[in-house]
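Summary of the model geometry
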Amino acid sequence: VATRWDNPLWRIWDWLLLTLALVHGINGLRVITLDYVRKPKVRAALNFTYYFLGVALFIVGTILVVTFDKAKWGQ
């Protein structure tokens, strides 16, 4: 992965994969919540938690993809 990320196209590909996987996963959690949680306040709290977690993971993942330096990994 470290060698592959020298090419900006692979970084963009991996960032898009990260983005789509997070959207897919968070949407899946939202749908499960809509199916099984009946109390509106609990449903809203869970959905907020999922969105917050998704945004936080997106930010961390984006920082990793943008700032990764293979020289730090001894390659």
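Residues numbered from 1 in each chain as written. Predicted model: local features only at pLDDT ≥ 70, side-chain atom pairs only at ≥ 80, totals over all residues. Heavy atoms only, no water.

Time to look at the pattern of salt bridges. Pairing between side chains of opposite charge can happen when the charged atoms of each approach one another. Enumeration over the complete set of coordinates arrives at 1 salt bridge. With a shortest N-O distance of 2.9 Å, Arg4 and Asp14 are connected by a salt bridge. With Arg4 in the segment before α1 (8–36) and Asp14 in helix α1, this residue pair connects regions lying 10 residues apart in the sequence. Given a relative accessible area of 15%, Asp14 falls into the buried group. (Salt bridge = Lys/Arg side-chain N within 4 Å of Asp/Glu carboxyl O. Helix = DSSP H or I, 4+ residues; strand = E, 2+ residues; numbered from the N terminus. Buried < 20%, exposed > 50% of the residue type's maximum accessible area, 1.4 Å probe, protein only.)

Along its 29 residues, α1 runs 42 Å from first to last C-alpha, staying within 8% of the 42 Å computed at 1.5 Å per residue. Within the span of α1, buried status applies to Asp14, Thr19, Leu22, Ile26 and Thr33. Structurally, α1 contributes buried residues whose contacts are with α2 (40–67). Sitting at the amino-terminal end of α1 is Asn7, which places a side-chain oxygen 3.0 Å from the backbone nitrogen of Leu9. (Expected span 1.5 Å × (residues − 1). Contact = heavy atoms within 4.5 Å. Polar contact = N/O pair within 3.5 Å; in protein donor to acceptor, adjacent residues only side chain to side chain.)

Now for the packing of aromatic side chains. Following the criterion strictly, the structure yields 3 aromatic pairs and no others. Note on Trp5 and Phe68: the rings are 5.1 Å apart at their centroids and 90° apart in plane angle, and the pair reads as edge-to-face. Of the two residues, Trp5 is situated in the segment before α1 and Phe68 in the segment after α2; the sequence distance between them amounts to 63 residues. Each of the two residues, Trp5 as well as Phe68, counts as buried. Each ring, one from Phe48 and one from Phe52, has its centre 6.4 Å from the other, and the planes form 25°; the classification is stacked. Taken together, the positions of Phe48 and Phe52, both in helix α2 and 4 residues apart, correspond to about one turn of that helix. As far as burial versus exposure is concerned, Phe48 and Phe52 are alike and both exposed. (Phe/Tyr/Trp six-rings, centres within 6.5 Å; stacked < 30°, edge-to-face > 60°.)

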